[in-house]
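The residues making up each chain are set out below.
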Amino acid sequence: MDVTLVEMADHVLPTMLDKNMAKTVERELVDNGVRIILGERVEEILGVDGQVNGIKTNTKREINSDFIVLGTGVKPNSEIARDAGVELGSANAIKVDEYMKTNIPDVFAAGDCATARNYITNKDMYLPLGTTANKQGTVAGENAAGGNAKFRGIAGSAITKVFDLFIGKTGLTKEDALRNGFDPVEEVIEDITRARYYPNNKPIWIKIVADRKSGRVLGSQIVGGEGVKERIDLIALALLLKADVRDLASYDACYVPPASPVWEPVNIAASQAAKRM
Ligand SMILES: Cc1cc2nc3c(=O)[nH]c(=O)nc-3n(C[C@H](O)[C@H](O)[C@H](O)COP(=O)(O)OP(=O)(O)OC[C@H]3O[C@@H](n4cnc5c(N)ncnc54)[C@H](O)[C@@H]3O)c2cc1C
């Protein structure tokens, strides 16, 4: 099957990855036979006799297609709430506080229709994911029944898989960090996921972003063949605890040949980032 990816952005997955990390994903796509057309916009879906048979881009390029998958993003369906006087926030999602309260007494909101507080920037954001929806729903439900539960917020953690590569991120990219008034340093390392002599090693690339002044870890992007989710989750905890990048360089990681090199790649990436401070 021929697969073509057409995307307006210069690089794939621009919301998750910085450009140099996205290049690794592009390579994986191309190596698996995906043709990538960047910087073009799909303007028309073509068809004959009611059947889709291709697309036309803004450069008038026509690509034949048996089926089309459109990634259009998500918008909160918040009109009913707005019309009822509920205050909206980021991306027109329902603005909630840490108790999942709206501005209307006894009205709570949670999940894909609601904002979430980013615990690094301390600003509201809209990132509709199942993890957030479940945690927020639990808090809203408990509080609607008279409780006093708090939602601690999100780091923007997300993960996906493209062929044999997991692609994960948490916290801020360098660009996000600059936009939010930090003075970021970043470091990327390439490593392997098992002891060097152990079979079926997979590559892994880890980027750590930290604040030059405070040393605080601000974010991470990880692309690799295995062990990505666990490492992203660990760094999401470091972000919640406002850890210093030197903490991330020296925490006591386990070593077992089938699951890690003796030097844990997160320790290495963080110690390289710390050298840039
Ligand atoms: C294909 C896909 C894959 C995903 N994969 C992941 C993943 O891997 N990881 C992750 O974290 N997230 C993932 N998500 C996102 C995740 O599914 C959502 O963030 C989550 O389901 C949101 O939960 P929710 O309860 O806010 O909304 P929903 O799950 O959308 O539930 C809303 C419910 O409200 C009902 N409803 C809507 N309007 C009305 C109305 N007027 N009256 C009564 N009922 C109404 C709907 O029918 C629906 O049942 C994925 C989403 C999709 C679509």
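Because the structure is predicted, anything quoted here is derived from the model rather than measured.

A short note on the pairing of strand S8 (residues 158-162)
So, point 1. Across 5 bridges, the pairing between S8 and strand S9 (residues 165-171) is antiparallel. In the sheet register, Ala158 faces S9, and the bridge partner there is Lys169.
So, point 2. The hairpin turn running from S8 into S9, its antiparallel successor, is 2 residues long, and Phe163 in that turn takes a positive phi close to 50°.

Structural notes on the layout of surface pockets
So, point 1. Taken as a whole, the second largest pocket spans an internal volume of roughly 480 Å³.
So, point 2. Considering the residues around the second largest pocket, the lining is formed by 22 residues, among which Thr131, Lys135, Ser157, Asp233 and Ala236 are closest to the centre.
So, point 3. At the level of elements, helix H3 (130-144), S8 and helix H5 (228-240) are the ones that each hand at least two residues to the lining of the second largest pocket.
So, point 4. With 6 residues, the top contributor of residues to the lining of the second largest pocket is H5.
So, point 5. Classifying every residue of the lining of the second largest pocket by side-chain character gives 12 nonpolar, 6 polar and 4 charged.

Some details on empty space enclosed by the protein
So, point 1. This structure, assessed with the given rule, holds 1 cavity of 30 Å³ or more.
So, point 2. Size it by volume and the largest cavity reaches roughly 40 Å³.
So, point 3. If you go around the largest cavity, the residues you meet are Gly111, Asp112, Ala114, Ala116, Met125, Tyr126, Leu127, Pro128, Leu129, Thr132 and Gln136.
So, point 4. Taken together, the residues of the lining of the largest cavity sort by class into 7 nonpolar, 3 polar and 1 charged.

Quick look at the sheet that holds S8
So, point 1. Spatial strand order, S8-S9-S12-S11-S10: 5 strands in an open sheet with antiparallel pairing. The outermost strands of the open sheet, each flanked by one partner alone, are S8 and strand S10 (184-192). Strand after strand, the sheet turns through a mean of 10° between neighbouring axes, direction not considered.
So, point 2. Across 7 bridges, the pairing between strand S11 (residues 203-211) and strand S12 (residues 217-224) is antiparallel. Following the sheet pairing, Ile204 is matched in S12 by Gly224.
So, point 3. Contacts between H5 and the sheet are confined to S8, S9, S11 and S12, with S12 contributing the most and set at about 180° to the helix.
So, point 4. Helix-sheet contacts for helix H7 (residues 265-275) involve S10 and S11, and the interaxial angle to S10 is about 145°.

A word on the sheet that holds strand S5 (residues 62-64)
Strand pairs in the sheet, formed through backbone hydrogen bonds, run parallel or antiparallel to each other.
So, point 1. One open sheet holds the 3 strands; their spatial order is S3-S4-S5, and the pairing between them is antiparallel. Every interior strand has two partners, whereas the edge strands, strand S3 (42-48) and S5, have only one. On average, each strand axis in the sheet is tilted by 30° relative to the strand beside it, whichever way the strands run.

Concerning the pattern of salt bridges
So, point 1. Going through the model one piece at a time under the given rule, you end up with 15 salt bridges.
So, point 2. The partner of Arg61 in a salt bridge is Glu40, and the shortest N-O contact between them spans 2.6 Å. Of this pair, Arg61 sits in the loop between strand S4 (51-57) and S5 while Glu40 sits in the loop between strand S2 (34-38) and S3, and the two are 21 residues apart along the sequence.
So, point 3. Overall, the relative accessible area of 7% leaves Glu40 in the buried class.
So, point 4. A salt bridge links Lys229 to Asp233; the nearest nitrogen and oxygen atoms lie 2.4 Å apart. Here Lys229 and its partner Asp233 are both found in helix H5, 4 residues apart, which amounts to about one turn of the helix.
So, point 5. For Asp233, a relative accessible area of 36% gives the class partly exposed.
So, point 6. Overlapping salt bridges, with partners in common, bring together Lys95, Arg117 and Asp124 in one network.

Rules used in this analysis
- Residues numbered from 1 in each chain as written.
- Predicted model: local features only at pLDDT ≥ 70, side-chain atom pairs only at ≥ 80, totals over all residues.
- Heavy atoms only, no water.
- Pairing = 2+ DSSP bridges.
- Helix = DSSP H or I, 4+ residues; strand = E, 2+ residues; numbered from the N terminus.
- 1 Å grid on protein atoms, 1.4 Å probe; cavity = no way out; pocket = protein on both sides within 12 Å on 5 of 7 lines; lining within 4 Å.
- Points joined across faces, edges and corners; volume = space filled by probe spheres on them.
- Nonpolar A, V, L, I, M, F, W, Y, C, P; charged D, E, K, R; others polar.
- Axes fitted to C-alpha atoms, helices over the stretch in contact; angles between N-to-C directions.
- Contact = heavy atoms within 4.5 Å.
- Salt bridge = Lys/Arg side-chain N within 4 Å of Asp/Glu carboxyl O.
- Buried < 20%, exposed > 50% of the residue type's maximum accessible area, 1.4 Å probe, protein only.

In short, shape yes, function no, at least from these values alone.
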